[in-house]
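Letter by letter, the chains look like this.
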Amino acid sequence: MTRTLFFICLSLCSLAYGQNQPKNFGELTLDYANPREFEIGPIRVVGADNYDHQAIKAVAGLRQGQKITLPGDQISKAIKNLWKEELFSNISIVLDKEINGIVYLTIELAPRPKLSHFKFRGVPKREADKLREEISLFAGKTITENLIFQTKAKIRGYFREKGFYAVQVQIERVKDTIMNESEIFIIDIDRGVKVGIKEINFIGAESIAHWKLYLAMKDTKQKSILRIFKRSKFTLSNYEKDKKTMLDKFYAAGLRDANIVSDSVYFKDPKNLIIDLVISEGEKYFFGDFEWVGNTKYRSTFLDSVLGIKRGDIYNKTLLDKRINGGEDGRDVSALYMNRGHLFFQIIPVETNVSGNFINHQFRIIEGKEARYGEITVKGNTKTNDEVIYREIRTKPGDLFNKEDIMRTQRELSQLGFFNDQGFKINPIPNPAKGTVDVEYIVEEKSSDQIELSGGYGGAGPNSSGKIIGTLGLTFNNFSTRNFFKKAAWSPLPGGDGQKLSIRAQSNGRFYQGYNFSFTEPWLGGKKPNALSFWINNTALSSNGYLRSNAAYNGISITGVGFGLQRRKKWPDDYFTAYYELSYQYYDVVNDYRFPLYPKGFSNDIALKYVLQRSSVSAPIYPQSGSNFTFTAKSTLPYSYFDKNADYTTMTLNQKYLYLEYFKFKFTGEWYIPLTANKKLVLMPRFGFGYIGAYTPAKGITPFDRFSMGGSGLTGVNQLGGREIISLRGYEDQSISSSGSDPIIAKYTLELRYPISLNPQATFYVTSFLEAGNTYPNVANFNPFNVKRTAGVGIRVYLPMFGMLGLDYGIGFDKLDNWSSGAGGATDISIDKKGYYPKLSFTIGMNLGEL
C-alpha cells in the first residue's frame, strides 16, 4: 500500500526544492533560511467521516490558536502521530491559505479498511475453532500489513507445532459490499503432510558419543520405530532450546569453548527434514587450584572436602555451581552455611586465570551474621487446624536459621496428605537489620477423605469364585473426635485434627462378609508425634453358602482386634519410626478346603509386632526422591517352652493349634531415583524378604499366618486367614504358592514411572515393570534366584475420593514349581502352565499386594 505524504511548510521537503531556497504559495512566501511564526486558524478534517474529528486533531497535536513555525517540524510531528494510530493508509496536511498571519490547514485522510469477518478454507470445523482462539481477529479490527503478517505467522506456528512444517497460508482480501470501508478475510490453509526429522547430523563432534547428543535434545528427535507415544516433529522454539541443552554435554566434558559454528534445516523429501549441526569442540579444560577468601567459620581444607572437586578433574561449570549453590543431595557450600544460621551468606566464584588449560578459581565468601527465626505463619488452611500444621513445622521462633529444617517441614506437611504438593509455597522474609527471618508457609487444602463403592469378581473357592463382591468403604483422613458433638463442626463431618477413621464392609451375600474398623490418633497427648491406633475386624467365609448355625456349614470365621503405638525416633536420625502392636485373632474353621493344614477347629493368635521403618520419600502419592526401608518382627509367646512334656505327635490338630506359636520376620526396601532434571521420570527398585519360623519343630509353624503369591494381590478377600497375599503381576492369583501357602518369600521389582498429570484432584502416571518372586515351603527349598519372572506395563490413577486405582498388563515367563505345603493333605499346584501367558490385573490401594 502506498503512503503519500504531502506537506506544505514541511522542512523535509526542502530536499525536493533545493536547500534554503524561498518558496511561493500564492501570496505567501516561505523561506527555509528565515522561518516565520504563524497562528493556526480553523482546521478541517476530510476523508474520515466515521472518526471523531476533534480526536484526530488532538492526536495530531494541532489546535486552533496554537502558534506554529513555518517552515518547521510541527507538521511532520503531527503526521507521525497520526501514523502511529495505524488507522489510515494515506495522510497529508495541506495549507489552504494565510490571512494576516493566520494559516488555515486541512488534514486529508484515507482510512484503512476494517475487518468485517473472516473464514477458513482447507481445514475442518474443529480445527478452525481452535485457530480462532490462536489468532487475534475480530469484526471491526483495523486491517494493517502487520496484522496480516502476524495472522499468517500464528497459523503457521500452530500447524508447525503439530508437525506440519510445510504449511502454506494465504489471506485473500475481499471487499465487503454490505459494510462500507470493510473487507472480508478468506484464510486459505494448505497443511500439507506431516513432516518429521529423518536425520540429525553432528558434524565435528568427536569427544561426545552421538547417542548422548541425541538424548540431550529432548524435543527435537529423529524418526524411530521406538517413538510410539510422541511423533518426531520440528519446532523452532524447541530446536533453539535443544541446541543449548546439547551443548551442555560438551561443557560437562570440559569443552567449555564448544559452539555451533553453523546449522541448517532442509527438506530431504516432502515428509522428511535433515538437520546438520557443525560443531567446534575447542580444547578440553580442567579444574586448577582453589582459593578461599573470607571464610572464618570453616577451614579452607574442610571447604575443599565439601566442594568435592580436585585439581585435574575435568572442568564442569554445572557441577561447580551445584557444589557451591545448591546440590540436590544438600552437598554444597551454601547449604553448609545456611544450615547453621547464615541466611545472608554469599559466595562469589571468580576465575582468576587459565594456565595450560587449568582453570584456577578464587571463592570470595561473605559469611554474614547468624540469623534466627522470627514470626512463623501459615496461610491457606481452610479445614486443617493450625495446631495440626504447627506441630509438624520444624522452624521455631528464636531458633537458628536452618535451610534443611524448612525443606524437611515441606516434606512433613506433604506426608500428611491434606495439602496439594504442587501448591505448596514457602516465603522467607529476611530482616537483615534485626538478624531475623520470618517464614510464611502457604498451603492449599485438597480433599483427603475417600469413599470406596465398588463391585468386582472374587471369592475363595469353586462355589464362591466368580461371585460379585460389593465393597463400601469410608476413610476420613482428617477427622476430629473432639468436635464430634459440636453441631457447627459437621460440614459434612467434623474434621481438621488429622485423625484417621476408617470403616469398610465387603460382601457377596452368603459366601463372604468382611467388616473392618480402625482409628488413629497421630499425636497422642498433643505434645509428641506418638500415634495410637486401634482396629477391629471380622471376616466370615462360607465354602458352600450355608450360615455358621447350619450343620452343613463349611467355612472359616476370623475375628481380630489390636492396639498399636508408633513413635518417631531421633536416633540414628528422625526419619526413623518405631511401631509396637498387640493383636488378638480368633480362628474358627469348619471343613474349609482352603486350610488343608487345619481343616477343623478353632485357634487363638495372640501376637506382638515391632516395625522399624526409615522413610525419606518426598511425597506419598508420586514420590520423586528418597527411600523407604522397613524391618518387621512379629511373634507369639513360645507356649511349647512352657510345657516341656507335651507330645505333639499324639495331639489332635485342635489341641496342637489351640494357641498358635510362631515368629515372623520381614525386610523390605525401595528407592525412588529421578532420571531427569525435572524429576518426572522416576526409577523405583524394590526388594522384599519374609520368613516365618517355629519355636518347636514338632509343633511346626502356624497354618494361618503365611505368604501366598500371585496375581494382583486383590482377590476380594485380602489377608485371608492371616495370610499375606502378595502380588506378582503376570500370573494367576495365588498361583505361585503351595495350596496351604508358604513360610518363606522373596520378591524383586524394578519399575519405571512417568506422570501424565500431577494434579492433586487426579494424579495419573504410567509405569513399566520387571518383577520376580517366589515362595518356598521350607529352608531347604529356598533359593533367592529361583524366582518367577514377569514384565509388563500399567497405569495408576489417584483420586482423592477413591484412593489409588491401578491396571497392569503383565506376562509371566516361567513355569511354576512342583511342591506342596507338605502336610495336612495339601495338593500340588498346577505344573502345566509354561509361562508367557498375558494377564490383566486390577488393583486398589497404595501398597496392596506388597510385602
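Residues numbered from 1 in each chain as written. Predicted model: local features only at pLDDT ≥ 70, side-chain atom pairs only at ≥ 80, totals over all residues. Heavy atoms only, no water.

1. Quick word on the overall build of the protein chain
Per the secondary structure count, the protein chain includes 14 helices and 36 strands. Residue pairs at least 24 apart in sequence account for 61% of intrachain contacts in the protein chain once pairs closer than 6 positions are excluded. Per element, the accessible surface of the protein chain, about 43000 Å² overall, is 55% carbon and sulfur. (Helix = DSSP H or I, 4+ residues; strand = E, 2+ residues; numbered from the N terminus. Contact = heavy atoms within 4.5 Å. Areas by Shrake-Rupley, 256 points an atom, 1.4 Å probe, with all protein chains shown as cover.)

2. Focus: the nonpolar core
The biggest cluster of nonpolar side chains holds 25 residues, and the ones touching the most others in it are I56, L62, I93 and L109. Among the secondary structure elements, those contributing two or more residues to this core are β3 (36-46), α2 (53-60), β4 (67-70), α3 (74-84), β5 (88-99) and β6 (102-111). Counting residues per element, this core draws most heavily on α3, which supplies 5 residues. For I56, the contacting residues outside a window of four places in its chain are V45, A48, Y51, L82, F88 and L109. Core analysis: the next-biggest nonpolar cluster, separate from the first, contains 24 residues, F595, F707, I736 and L816 among them. (Core = buried A, V, L, I, M, F, W, Y, C linked by side-chain atoms within 4.5 Å. Buried < 20%, exposed > 50% of the residue type's maximum accessible area, 1.4 Å probe, protein only.)

3. With respect to the sheet that holds strand β9 (residues 182-190)
Across the sheet, which stays open at both edges, the 3 strands sit in the order β7-β9-β8 with mixed pairing between neighbours. Looking at strand neighbours, the two that pair on one side only are β7 (114-121) and β8 (168-175), the edges of this open sheet. Each neighbouring strand pair of the sheet contributes to a mean axis angle of 20°, computed without reference to strand direction. Sheet topology places β8 next to β9; 8 bridges connect them, and they run antiparallel. Across the sheet, the residue bridging to V169 is I189, located in β9. Sitting on the sheet, helix α5 (residues 145-160) is in contact with β7, β8 and β9, with an inclination near 145° to β8. (Pairing = 2+ DSSP bridges. Axes fitted to C-alpha atoms, helices over the stretch in contact; angles between N-to-C directions.)

4. Examining the packing of aromatic side chains
Scanning all chains against the criterion turns up 41 aromatic pairs. Here the aromatic rings of Y639 and Y659 are separated by 5.5 Å at their centres, their planes lie at 45°, and the arrangement is tilted. In this pair, Y639 is assigned in helix α13 (residues 639-642) and Y659 in the loop between α14 (653-656) and β28 (663-674), connecting sequence segments 20 residues apart. Classification of Y659 by relative accessible area gives partly exposed; the value is 38%. Looking at R160, its charged tip hangs above the ring of Y165, at a distance of 4.6 Å from the centre. The aromatic ring of F164 is capped on one face by R191, whose charged end is 4.9 Å from the ring centroid. (Phe/Tyr/Trp six-rings, centres within 6.5 Å; stacked < 30°, edge-to-face > 60°. Lys NZ or Arg CZ within 6 Å of the ring centre and 35° of its normal.)

5. Quick word on the pattern of salt bridges
By the definition in use, this model includes 42 salt bridges. In this structure, the salt-bridge partner of K243 is D263, at a minimum N-O distance of 3.3 Å. Taken together, the positions of K243 in helix α7 (residues 236-252) and D263 in strand β11 (residues 259-269) put the pair 20 residues apart, joining distant regions of the chain. A relative accessible area of 33% means that D263 is categorised as partly exposed. (Salt bridge = Lys/Arg side-chain N within 4 Å of Asp/Glu carboxyl O.)

6. Here's the deal with the packing of α2 against α3
In contact at an axis separation of 7 Å, α2 and α3 are set at 120° when each is read in the N-to-C sense. Considering their axes alone, α2 and α3 lie oblique with respect to each other. Across the interface between the two elements, I56, V59 and A60 from α2 touch A78, N81 and L82 from α3. Broken down by class, the residue content of the contact of α2 with α3 amounts to 5 nonpolar, 1 polar and no charged. (Parallel < 35°, antiparallel > 145°, perpendicular 65-115°, else oblique. Nonpolar A, V, L, I, M, F, W, Y, C, P; charged D, E, K, R; others polar.)

7. Digging into helix α9 (residues 317-325)
Inspection of α9 places L320, R323 and I324 among the buried residues, and these make up the whole buried set. Across the axial projection of α9, the buried residues extend over an arc of 95°, all falling on one side. Buried residues belonging to α9 abut β13 (286-293), α8 (300-307), α10 (333-338), β14 (346-355) and β15 (358-366). (Arc of directions from axis to C-beta.)

8. Considerations on α7
Taking 1.5 Å of rise per residue, 17 residues should cover 24 Å, and α7 covers 25 Å from first to last C-alpha, within 8% of that figure. For α7, the set of buried residues is N238, Y239, D242, K243, M246, L247 and F250. Looking at the buried positions of α7, the neighbouring elements they touch are β10 (196-203), α6 (210-216), β11 and β12 (272-280). Positive backbone phi, at 85°, marks G254, one or two positions downstream of α7. (Expected span 1.5 Å × (residues − 1).)

9. Considerations on the environment of Y266
With respect to the helices and strands, the residue Y266 is situated in strand β11. Between the C-alpha atoms of Y266 and D276, which are 10 residues apart in sequence, the distance is 8.7 Å. Not counting residues up to four positions away in its chain, the partners in contact with Y266 are N272, L273, I274 and D276. A distance of 2.9 Å separates the side chain of Y266 from the side chain of D276, its partner in a polar contact. (Polar contact = N/O pair within 3.5 Å; in protein donor to acceptor, adjacent residues only side chain to side chain.)

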